[in-house]
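Each chain, letter by letter, is given below.
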There are 2 protein chains.
Amino acid sequence: MKFIHTADWHLGKLVHGVYMTEEQREVLQQFVRLVEEETPDAVVIAGDLYDRSVPPTGAVELLNEMLFAINVELKTPIVAISGNHDSAERLSFGSSWFRHSQFYLKGKVDDQFSPVRINGVNFYCIPYAEPGTIRQLFGDNSIHTHQGAMKRLIGKLEEEMDCREPNIFVGHAFVLGGKTTDSERTLSVGGSGCVDAGLFAPFNYAALGHLHSPDAIKHEKVRYSGSLLKYSFSEANQRKSVSIVTVDEKGAVSIEERTLRPKRDMRVLEGTLEELLDPARIQAEATEDYLKITLLDRGAIIDPMGKLRQAYPNVLHLERKIDMIDQRQKESYGMKREEKKDDIDLFADFYSEMTTDDFTPEKRKLMERVIQEAQLEANQK
Amino acid sequence: MKFIHTADWHLGKLVHGVYMTEEQREVLQQFVRLVEEETPDAVVIAGDLYDRSVPPTGAVELLNEMLFAINVELKTPIVAISGNHDSAERLSFGSSWFRHSQFYLKGKVDDQFSPVRINGVNFYCIPYAEPGTIRQLFGDNSIHTHQGAMKRLIGKLEEEMDCREPNIFVGHAFVLGGKTTDSERTLSVGGSGCVDAGLFAPFNYAALGHLHSPDAIKHEKVRYSGSLLKYSFSEANQRKSVSIVTVDEKGAVSIEERTLRPKRDMRVLEGTLEELLDPARIQAEATEDYLKITLLDRGAIIDPMGKLRQAYPNVLHLERKIDMIDQRQKESYGMKREEKKDDIDLFADFYSEMTTDDFTPEKRKLMERVIQEAQLEANQK
């Protein structure tokens, strides 16, 4: 039995104000061709199909088209769950009809825990859920963390599980020790969002979504496929791939990776303006790529972005090394470097990720009040 | 062959700041029971399933649940199109899968004009579309009005139509002479949104959506089913029903109406505060109804809304006759009564319909600038 494990498509994603839809279409077309060549028994998508709960209509159309190609045209079963970026309710619309064509879409955790069975393999699907949702579902007030919620869920699955058969877990979670990047939204503000890889021991394989690199954790059986594309410059050096997972009759698992190639890569360049605008350099570069450029010049430069964009039209972010050094000096002189961001800074990051507006001091003040009130309310409970 | 014609469900509708979801659920459950009793060959929903392009998640879940009950549990084919309140793209998601269970959902006008055929009857489905969309689709620059667009579309359908068979048109449009209310959004700002009933002559029946009353036009074969519920106080005196349409082998059509009863009606009351708070009166009234109350008192009254809500908890709107007289006097003294609202007033109505915020002078100024710029741009084209 062979399935393809993918996750974190993030359709509708904006990176520095630019929609990634065209790249996503290109790479998903390659994915459909891969499904056609490999003829897997199933495609597993472990959450974050969309980048936000209300995705732009172009993303809705793209997802519809690609899933139709895989499921109906290529007659390949699909097992998919929602992630923390998806709206469980919106994504669920129509899922009862999709089952007819073996498209198993689980948007919300409910009281149905029976697995999807495909060619002798059981897929246990747990969409992303807040600990509070699981607490309510089981009426278990001891559940406060993602770890506690996942432990309870897997305990429930184990009750029914036949361990003589191959069992696959499909989930969207942050596994302890996983390496994060800038584009995975923090799961818990002020709490623990992590779960222990050991929880997945009852399964032959855990097909995970959430972290964007296939190397995010080192574990034989608990794996992230990685995201479809690079979605932030902190992912510039990550490999992006999908995993072809083969399960034999005894439940032993082997994995192969396949790389998808977007038309435009996402990369980081560094140099002086002169170096970067040298015609020989320009000729050697894939100039259409999405770029973050760090300029090494000292002193004033006039309109560096305008000049760079003539050669590199898709520069998304520009910074100067000199600023970064200043920043680090500031930090070493007295300001404590904060490893853990506080709630308002997390929100500020989120705001600038999701909109093209400035997070003005007025907005900051308003949000601080909201957070304060929410904390007060939480403490009173 | 028998089908039920309904339209304008407007799931997710806010009336004076109150979500109608509970009433909609109640009435849709009655609708499902009607389908169970009548066992029609199809249910036709002629647009505006949702009230807005991004409906609240409760509305998404309600629609999913009700369509599933009709289509899968009761095995009844569904023919549905999007209206001007729906997002064509969002509503279309999954429609290719739904066809397997004879749920024919057409969100967007495209180049597929073949009818849905159910028990010997052809259903030609034309979702709501802007004239510009149809102009582009046919590459016909002469199309500028809804009338022109509909004429072109029906001409296209006629090319393939076999007039020896019963042919039903399913559409969402404003038919000339139809009586409007406050809750149908204007189709064309500053242009003609109307189409002529005569256009539908090639069909045995036109199952329409958009106007909210089954009496909106007087025509044997071109009909509105009317909306599911009363959605504004200007509909307070309308009958609300669904139509059971029977088509015989020769294509002759007969119609019966069935009334659905919401738990809370929407009504208008008039009287002095004393009359309305008279215990005998209160006992005789269905006090849970959604009410618009017109107070006939003269002079100051302290907290009339607070007092009324103790007896009538769902007063949604309160006005005083005295204000209305003043208003009319003002109009007769020099101020011209505007039958046709200008763009900014239309937008102000829309804003207060869709949000619970005030349309402040600052917002008005901003919107005036936007409209001005849009008009400038349109004139330059």
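Residues numbered from 1 in each chain as written. Chains lettered and ligands numbered in written order. Predicted model: local features only at pLDDT ≥ 70, side-chain atom pairs only at ≥ 80, totals over all residues. Heavy atoms only, no water.

A word on the overall build of chain A. If you tally the helices and strands in chain A, you get twelve helices and 18 strands. Here the C-alpha atoms of chain A give a radius of gyration of 22 Å, agreeing with the 21 Å that 2.2 N^0.38 yields for 381 residues. Seen through its principal axes, chain A has C-alpha atoms that stretch 70 × 55 × 35 Å. Burial statistics for chain A: of 381 residues in total, 50% are counted as buried. (Helix = DSSP H or I, 4+ residues; strand = E, 2+ residues; numbered from the N terminus. Rg over C-alpha atoms; globule rule 2.2 N^0.38 Å. Buried < 20%, exposed > 50% of the residue type's maximum accessible area, 1.4 Å probe, protein only.)

It is worth spelling out helix α5 (residues 131–138) of chain A at this point. All names here are of chain A. Buried residues of α5: P131, I134 and F138, and no others. The buried residues of α5 occupy one face: seen down the axis, they fall within an arc of 65°. Buried residues belonging to α5 abut α6 (146–160). Just past α5, the residue G139 takes up positive phi, approximately 60°. (Arc of directions from axis to C-beta. Contact = heavy atoms within 4.5 Å.)

Quick look at the relation of the copies chain B and chain A now. Mapping one chain copy onto the other needs a rotation about an axis and a shift along that axis. Between chain B and chain A, the superposition needs a rotation of 179° and an axial shift of 0.1 Å, giving an RMSD of 0.2 Å. Such a turn and shift between the copies fits a two-fold axis. Interface overlap between copies: 100% of the residues of chain B at the interface are likewise at the interface in chain A, consistent with a symmetric, same-surface contact. (Least-squares fit on C-alpha atoms with pLDDT ≥ 70 in both.)

Moving on, we get to the pattern of salt bridges. Inspection of every chain in the model, using the stated rule, returns 54 salt bridges over all chains. The partner of E61 of chain B in a salt bridge is K108 of chain A, with the nearest N and O atoms 2.7 Å apart. You can see E61 of chain B sitting in helix α2 (residues 57–73) and its partner K108 of chain A sitting in the loop between β6 (103–106) and β7 (116–118), one on each of two chains. A salt bridge links E285 of chain B to R267 of chain B, with the nearest nitrogen and oxygen atoms 2.9 Å apart. Here R267 of chain B lies in strand β16 (residues 266–271) and E285 of chain B lies in the loop between α8 (279–284) and β17 (290–295), a separation of 18 residues in the sequence. Each of the salt bridges in this network shares a partner with another, and the network as a whole consists of D215, K218, R223, R239 and E257 of chain A. (Salt bridge = Lys/Arg side-chain N within 4 Å of Asp/Glu carboxyl O.)

Quick look at the sheet that holds strand β17 (residues 290–295) of chain A now. Residue and element names in this part refer to chain A. Overall, parallel pairing links the three strands, which are arranged β16-β17-β18 in an open sheet. Each of the sheet's edge strands pairs with one partner strand only, and the pair in question is β16 (266–271) and β18 (315–320). Between one strand and the next, the sheet's axes are offset by a mean angle of 15°, whatever the strand orientation. (Pairing = 2+ DSSP bridges. Axes fitted to C-alpha atoms, helices over the stretch in contact; angles between N-to-C directions.)

Residue and element names in this part refer to chain A. Of all five residues in strand β4 (residues 42–46), five are buried, a share of seventy percent or more. Across four bridges, the pairing between strand β1 (residues 2–6) and β4 is parallel. Within the sheet, the bridge partner assigned to I4 lies in β4 and is V43. As paired elements, β4 and strand β5 (residues 78–81) share four bridges and run parallel to each other. Bridging across to β5, A46 finds its partner in I81. As a crossover connection, the stretch from β4 through helix α2 (residues 57–73) into β5 is right-handed. (Right-handed = clockwise from strand over helix to strand, strands pointing away.)

Moving on, we come to the packing of helix α5 (residues 131–138) of chain B against helix α6 (residues 146–160) of chain B. Residue and element names in this part refer to chain B. Where α5 contacts α6, the two axes come as close as 9 Å, and the packing angle between them is 40°. Classified by the angle their axes make, α5 and α6 are oblique. By crossing handedness, the relation of α5 to α6 is classed as left-handed. Note on element contacts: α6 touches α5 through H146, A149, R152, L153 and K156, opposite P131, I134 and F138. The class makeup of the residues in the contact of α5 with α6 is five nonpolar, one polar and two charged. (Parallel < 35°, antiparallel > 145°, perpendicular 65-115°, else oblique. Left-handed = near helix turned anticlockwise from the far one by under 90°. Nonpolar A, V, L, I, M, F, W, Y, C, P; charged D, E, K, R; others polar.)

Attention shifts here to the environment of G148 of chain B. Within the secondary structure layout, G148 of chain B lies in helix α6. Taking the C-alpha atoms as reference points, G148 of chain B and E36 of chain B, separated by 112 residues in sequence, lie 40 Å from one another.

In this section: the domain arrangement of chain A. Residue and element names in this part refer to chain A. Domains assigned within chain A are domain 1 (2–259), domain 2 (266–332) and domain 3 (343–380). Inter-centroid distance (C-alpha atoms) of domain 1 to domain 2 is 36 Å. Listed by partner, the interface residues are ten residues for domain 1 and eight residues for domain 2. Buried area between domain 1 and domain 2, summed over both chains or domains, comes out near 810 Å², and the portion from carbon and sulfur atoms is 78%. Per-residue buried area on domain 1 facing domain 2 is highest for H16, K230 and F233; these three make up 60% of the total on that side. (Domains from an automatic or database assignment. Buried area = accessible area lost by both parts, 1.4 Å probe.)

Moving on, we come to the interface of chain B and chain A. Residue-level contacts link 26 residues of chain B with 26 residues of chain A. Contact between chain B and chain A buries roughly 2300 Å² in total, counting both sides, with carbon and sulfur atoms accounting for 67%. Sorting the residues of chain B by area buried against chain A places R90, F93 and W97 of chain B first, and these three jointly supply 35% of that buried surface. Taken together, the connections running from chain B to chain A amount to two salt bridges. Between chain B and chain A we count eight residue pairs in polar contact (both at pLDDT 80 or more) in total. If you list the elements that add at least two residues to the side of chain B that touches chain A, you get α2, α3 (88–92) and α4 (95–98) of chain B. In terms of residue count, the dominant contributor to the side of chain B that touches chain A is α2 of chain B (nine residues). The residue inventory of the side of chain B that touches chain A, partitioned by class, reads 13 nonpolar, nine polar and four charged. (Polar contact = N/O pair within 3.5 Å; in protein donor to acceptor, adjacent residues only side chain to side chain.)

On inspection of all chains with the given rule, the structure shows 27 aromatic pairs over all chains. The ring of F138 of chain B carries R152 of chain B above its face, with NZ or CZ at 4.2 Å from the centroid. (Phe/Tyr/Trp six-rings, centres within 6.5 Å; stacked < 30°, edge-to-face > 60°. Lys NZ or Arg CZ within 6 Å of the ring centre and 35° of its normal.)

The next subject is the nonpolar core. F31 of chain A together with F31 of chain B are the most contacted members of the largest nonpolar core, which has 82 residues in total. When neighbours within four sequence positions are excluded, F31 of chain B is seen to be in contact with I4, T6, W9, V43, I70, V242 and L260 of chain B. (Core = buried A, V, L, I, M, F, W, Y, C linked by side-chain atoms within 4.5 Å.)

Residues and elements named next belong to chain B. Among the secondary structure elements, S82 is positioned in the loop between β5 (78–81) and α3. Look at S82 and you get buried, because its relative accessible area is 1%. Residues within four places of S82 in sequence aside, it is in contact with G47, D48, A88, L91, K106, G107, P127, Y128 and H172.

Right, let's talk about unusual backbone geometry for a bit. Of note in this structure, T39 of chain A is not a glycine but carries a positive phi near 35°. Among the secondary structure elements, T39 of chain A is positioned in the loop between α1 (21–38) and β4.

All right, on to α2 of chain B then. Residues and elements named next belong to chain B. A rise of 1.5 Å per residue sets the reference length of α2, with its 17 residues, at 24 Å; its end C-alpha atoms lie 22 Å apart and thus fit the reference within 8%. For α2, the full list of buried residues reads A59, V60, L62, L63, N64, M66, L67, A69, I70 and N71. Where α2 terminates, the next one or two residues include K75, which has phi positive at roughly 50°. (Expected span 1.5 Å × (residues − 1).)

Right, let's get into the confidence of the model for chain A. Averaged over all residues, the pLDDT of chain A equals 89, while 90% of them reach at least 70. Confidence drops under a pLDDT of 50 for residues 332–339 of chain A, and excluding neighbours within four residues, the segment shows two contacts in the predicted structure. (pLDDT = per-residue confidence, 0-100.)

Here we come to the sheet that holds β7 of chain A. Residue and element names in this part refer to chain A. In space, the five strands of this open sheet follow the order β7-β8-β9-β12-β13, with mixed pairing throughout. On the outer flanks of this sheet lie β7 and β13 (222–224), each paired with one strand and no other. When the angles between neighbouring strand axes are averaged without regard to direction, this sheet yields 25°. Alignment of strand β9 (residues 167–172) against strand β12 (residues 205–209), held across five bridges, turns out to be parallel.

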